[in-house]
Amino acid sequence: MSEHVDIIEEAFRRSYDPSKLRAFYPHLPSQTLKVEHNPLMLKAADIADLLQIQGLEVVVTIDGEVEGLLLPSDTPPVYGGMTADNTNPSLHLNVIMSGLFWFVSILSFLGWDWLKYAGLFSVVFGLPPVAIKAFRTMRRREFDANCMMVIAALGALLLGEFDEAASV
């Protein structure tokens, strides 16, 4: 992939202005490319098509438009000068529900032991997004904080410490 970095950079500079494509980050060990772009102005499929025209094999694993990922406007640009006014700061429902059930499970320390089972619901709502990220990371033969959180949560569940699993 190292020989392709120059080809990718030239293709991006020639084809896209900074208002559409902000930066790209090649990761040579995993042969992946992270592209920061404005999904409202430039589709991931268009980027993939451009790279395929350059003779590169392309698979889009995360599409910012589909997942609602927009670039924050306060970070300095790496390539170009795109600013995104359409950030999505709202909390997802699963985060709110996970936090609510976590709080209820913590009340088990006041003597209501049966409330610790609310931690199970917290894990049900909170663990899937983290587990998906951990799976993607481990598929690249890497290990990060998401992997550690999944292992810690599963270990706490196996030990019956549901409130602790919710804390993770």
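Along each chain, residues carry numbers from 1 onward, in the same order as the chain's sequence is written. Totals for whole chains, interfaces and linings use every residue, but because this is a predicted model, local features are given only for residues with pLDDT of at least 70 and side-chain atom pairs only at 80 or more, for both listing and counting. Hydrogens and water are ignored here; the side-chain numbers use all heavy atoms of the structure.

Asker: Residues and numbers for the environment of I8, please.
Answerer: Helical segments are the DSSP runs of H or I of at least four residues, strand segments are the runs of E of at least two, and each set is numbered from the N terminus. If you trace the backbone, I8 turns up in helix α1 (residues 2-15). Using a relative accessible area of 3% as the deciding quantity, one classes I8 as buried. Each C-alpha atom, one on I8 and one on Q54, is 8.0 Å from the other, the two residues being 46 residues apart in sequence. The cut-offs for exposure are 20% and 50% of the maximum accessible area for each residue type, with area from a 1.4 Å probe on protein chains only; residues under the lower value are buried, those over the upper are exposed, and the others partly exposed.

Asker: Just give me the short version of the packing of helix α5 (residues 118-139) against helix α6 (residues 145-158), but keep the residues and values in it.
Answerer: Two quantities define a packed helix pair, namely the angle between the helix axes and the distance between the axes. At their nearest, the axes of α5 and α6 sit 8 Å apart, and the two run at 140 degrees to each other. Taken together, the axis directions place α5 and α6 in an arrangement best described as oblique. The chirality of how α5 crosses α6 is left-handed. Within the contact between the two elements, α5 uses L120, V123, L127, V130, A131, K133, A134, T137 and M138 and α6 uses N146, C147, M149, V150, A153, L154 and L157. Only C-alpha atoms enter the line fits that serve as axes; for helices the fit covers just the stretch in contact. Angles between N-to-C directions range over 0 to 180 degrees. Every angle not falling under 35 degrees, over 145, or within 65 to 115 is termed oblique; those three ranges are roughly parallel, roughly antiparallel and roughly perpendicular. By definition, any crossing whose near helix is turned counterclockwise from its far helix by less than a right angle is left-handed, and any crossing with a clockwise turn is right-handed. When checking whether two residues touch, look at their non-hydrogen atoms; a contact exists if any pair is within 4.5 Å.

Asker: Summarise the packing of helix α4 (residues 93-106) against α5; cite the residues concerned and give the values.
Answerer: Running from N to C, α4 and α5 cross one another at 150 degrees; their axes reach a closest spacing of 7 Å. Relative to α5, the element α4 lies roughly antiparallel. Helix-helix and strand crossings are classified by hand; for α4 and α5 the assignment is left-handed. The segment α4 lies against α5, with N94, M97, S98, F101, W102, V104 and S105 engaging A118, G119, F121, S122, F125, G126 and P129. Just so you know the grouping, Ala, Val, Leu, Ile, Met, Phe, Trp, Tyr, Cys and Pro go in nonpolar, Asp, Glu, Lys and Arg go in charged, and all remaining residues, Gly too, go in polar. For the contact of α4 with α5, the residue count by class is eight nonpolar, six polar and no charged.

Asker: Outline the packing of aromatic side chains, supporting the account with residue identities and numerical values.
Answerer: Planes of paired rings set the category: under 30 degrees apart is stacked, over 60 is edge-to-face and the rest tilted, where pairs are Phe, Tyr or Trp rings (Trp by its six-membered ring) whose centres lie within 6.5 Å. All chains considered together, the criterion is met by five aromatic pairs. When the ring of F12 is compared with that of Y16, the centres are 6.2 Å apart and the planes differ by 45 degrees; the resulting orientation is tilted. The exposure class of Y16 is buried, given its relative accessible area of 12%. Ring geometry for Y117 and F162: centres 5.4 Å apart, planes at 40 degrees, overall tilted. A residue pair is termed long-range when its members are at least 10 positions apart, and Y117 in the loop between α4 and α5 and F162 in helix α7 (residues 162-167) qualify at 45 residues. Judged by relative accessible area, which is 43%, Y117 ranks as partly exposed. Given the relative accessible area of 14%, F162 is considered buried. One aromatic cluster is present, formed by F12, Y16 and F24 through successive ring pairs.

Asker: Tell me about the nonpolar core, and please be specific about residues and values.
Answerer: Only buried Ala, Val, Leu, Ile, Met, Phe, Trp, Tyr and Cys residues count toward a nonpolar core, and they belong to the same one when joined by side-chain atoms within 4.5 Å. In this structure, V5, I8, A11, F12, Y16, L21, F24, L42, I47, L50, L51 and L56 together form the largest nonpolar core, which totals 12 residues. Within the residue set of this core, elements represented by two or more residues are α1, β1 (21-27) and α2 (44-53). Per-element accounting of this core gives the leading share, four residues, to α1. With residues near it in sequence (within four places) discarded, A11 still touches L50 and Q54.

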